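An overview of the molecular structure
Each chain is listed here by its residues.
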Protein chains: 2
Amino acid sequence: MQWSPDSAIYKQLADKISDYIMQGIYKDGDILPSVRQISSEYEINHITVSKAYQTLVDLEVIEMKRGRGMYILEGGTGILKQYKKTQFLEITLPDIVKQMSILKLSEQEIMTAIQDIQSKNHHSNKETL
Amino acid sequence: MQWSPDSAIYKQLADKISDYIMQGIYKDGDILPSVRQISSEYEINHITVSKAYQTLVDLEVIEMKRGRGMYILEGGTGILKQYKKTQFLEITLPDIVKQMSILKLSEQEIMTAIQDIQSKNHHSNKETL
DNA sequence: TATAGTGTTATATATAACCATAACACCGGA
DNA sequence: TCCGGTGTTATGGTTATATATAACACTATA
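Summary of the structure given here. Values in this document were obtained by computation on a predicted structure and should not be read as measured data. (Residues numbered from 1 in each chain as written. Chains lettered and ligands numbered in written order. Predicted model: local features only at pLDDT ≥ 70, side-chain atom pairs only at ≥ 80, totals over all residues.)

**Overview of the overall build of chain A**
Put simply, the rule is: Strands are runs of DSSP state E lasting at least 2 residues, helices are runs of H or I lasting at least 4, and numbering of each runs from the N terminus. Exposure classes come from backbone-placed C-beta atoms, where a residue is buried if 20 or more other C-beta atoms lie within 10 Å of its own, exposed if 12 or fewer do, and partly exposed in between. With C-beta atoms placed from the backbone, a contact is any residue pair whose C-beta atoms sit within 7 Å.
Secondary structure assignment for chain A yields five helices and three strands. Ordered by position in the sequence, the α and β elements of chain A form the string α-β-α-α-β-β-α-α. Seen through its C-alpha atoms, chain A measures out along the principal axes to roughly 55 × 30 × 30 Å. For chain A, with 129 residues in total, the buried portion stands at 17%. Considering only contacts within chain A whose residues lie at least 6 apart along the sequence, 51% involve residues at least 24 apart.

Rendered as structure tokens:
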């Protein structure tokens, strides 16, 4: 498992878990992998894992049940999707638009790159398209 | 001047200086603002400023001339544009495409948001469009 | 009750980032 | 030579992140 050096591991893990939730791999009410499972599987410290989960607790997406594990709250998936969508539209996208403007990339170049990316995804994940 | 807590200040500053170079505000051979000017203007430590400049030195975009200042190398702008373009197409864009897929945003939603962003930019920067 | 699994807390350490402050070394112009 | 400006180095301190290790506290099951 590679972690980007540009961002804290706990943040990347929180994003990864978020992606799984949004993709429906875990649903409201489901239990998530334990702190020790993730720590062992990804070979990172359990406190780092706890920290990642804590960010989702703070968003009221999941809850920690001592002795039992981490559970997705009812309505948690909806809260997460709303939060991520808002972040994307209000923070990520403006930055991307700015970068495209500064780089003076043509629409053609971008569409070609997107299609290239999507064809690679199509190849590796049959259900993506 | 606000710095995002998600990324090191020196990285954000290096990006900011990069943007100015790519936008042609400073050209090959030009001198850039001194470490002390930036430190004072943005109210950050001069070592942090030096670190930002060092990342551009490492990319061979600029050179440090002791006692004189920071100069953009001949060809520096081209190197920078190439590097940023590659990064965008190979790293940023795939991540964006992935996010859009997970968020299941419609093209309509995205185009609307982009137009909103661009109309705001058009309003504040007359020459952007 | 014992066991296995859960999350939490404690302790100590290392690294990266950032700071304030000071001073050294270099450069160009008066 | 002096002065003002330049980048660089040194010192000491704080905070955030991440780690290893250990143990506590809780839960469910046999």
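Having seen the structure, we can now continue with the description.
**Structural notes on the sheet that holds strand β1 (residues 31-32) of chain A**
Residues and elements named next belong to chain A. Our working rule: Pairing between strands is defined by DSSP: at least two bridges between them are needed.
Reading across from one edge, β1-β3-β2 is the order of the three strands in this open sheet, with antiparallel pairing throughout. In this open sheet, the two strands that pair with only one neighbour each are β1 and β2 (62-65). Pairing geometry for β1 and strand β3 (residues 69-72), over two bridges, is antiparallel. Bridging from a neighbouring strand, Ile-31 pairs with Tyr-71 of β3.

**Focus: the protein's contact with DNA strand C**
Rules: Each residue receives a C-beta atom built from its backbone; the residue is near a molecule or strand if that atom lies within 6 Å of it. All residues other than Ala, Val, Leu, Ile, Met, Phe, Trp, Tyr, Cys, Pro, Asp, Glu, Lys and Arg, Gly among them, are scored as polar; the first ten of these are nonpolar and the last four charged.
The environment of DNA strand C is made up of 22 residues, and the closest members are Ser-34 of chain A together with Ala-8, Ile-9, Thr-48 and Gly-67 of chain B. Elements with a minimum of two residues in the surface near DNA strand C: α2 (35-42), α3 (46-58) and β3 of chain A together with α1 (9-22) and α3 (46-58) of chain B. Of the residues that constitute the surface near DNA strand C, the class distribution is nine nonpolar, nine polar and four charged.

**Things to note about the relation of the copies chain A and chain B**
Rules: Copies overlap after least-squares fitting; the atoms used are the C-alpha atoms of residues with pLDDT of at least 70 in both.
Overlaying chain A with chain B gives an RMSD of 0.0 Å, the required rotation being 180° about an axis along which the chain moves by 0.0 Å. What the rotation and shift describe, once combined, is the action of a two-fold rotation axis. Residue Ser-7 of chain A of chain A places its C-alpha closer to the rotation axis than any other residue of that unit, at 3.6 Å. In this assembly, 95% of the residues forming the interface of chain A have copies in chain B that are likewise at the interface, indicating an isologous arrangement.

**Examining helix α1 (residues 9-22) of chain A**
Residues and elements named next belong to chain A. Convention followed: The length a helix should cover is 1.5 Å for every residue beyond the first. The directions from the helix axis to the C-beta atoms are what the arc is built from.
Taking 1.5 Å per residue as the helical rise, α1 with its 14 residues ought to reach 20 Å, and the 20 Å between its terminal C-alpha atoms agrees with that figure. The set of residues buried in α1 consists of Tyr-10, Leu-13, Ala-14, Ile-17, Ser-18 and Ile-21. One side of α1 holds all its buried residues, which, seen down the axis, span an arc of 140°. On the buried face of α1, the contacting elements are β1, α3, β3 and α4 (76-103). One or two steps after α1, the chain reaches Gly-24, where phi turns positive at roughly 85°.

**Comments concerning the packing of α4 of chain A against helix α4 (residues 76-103) of chain B**
The criterion, for reference: Each axis is a line fitted through C-alpha atoms, taken for helices only over the stretch in contact, and angles between the N-to-C directions span 0 to 180 degrees. We call two directions roughly parallel when the angle between them is under 35 degrees, roughly antiparallel when it is over 145, roughly perpendicular when it lies between 65 and 115, and oblique otherwise. Two helices that cross are described as forming a left-handed crossing if the nearer one is turned anticlockwise from the farther one by less than a right angle, and a right-handed crossing if clockwise.
The contact between α4 of chain A and α4 of chain B brings their axes to 12 Å, and the two run at 155°. Classified by the angle their axes make, α4 of chain A and α4 of chain B are roughly antiparallel. Read as a crossing pair, α4 of chain A and α4 of chain B show a hand that is left-handed. The segment α4 of chain A lies against α4 of chain B, with Lys-84, Lys-85, Phe-88, Ile-96, Gln-99 and Leu-103 of chain A engaging Lys-84, Lys-85, Phe-88, Ile-96, Gln-99 and Leu-103 of chain B. When its residues are assigned to classes, the contact of α4 of chain A with α4 of chain B shows six nonpolar, two polar and four charged.

**So, the interface of chain A and chain B**
The figure often quoted for interface size is the accessible area lost as the parts come together. At the junction of the two partners, chain A supplies 19 residues and chain B supplies 19 residues. Among the elements of the structure, α1, α4 and α5 (107-124) of chain A are those that each provide at least two residues to the side of chain A that touches chain B. The dominant element in the side of chain A that touches chain B, judged by the number of residues it contributes, is α4 of chain A, at eleven residues. When grouped by side-chain class, the residues that make up the side of chain A that touches chain B number twelve nonpolar, four polar and three charged.

By themselves, these figures tell us nothing about what the structure is for.
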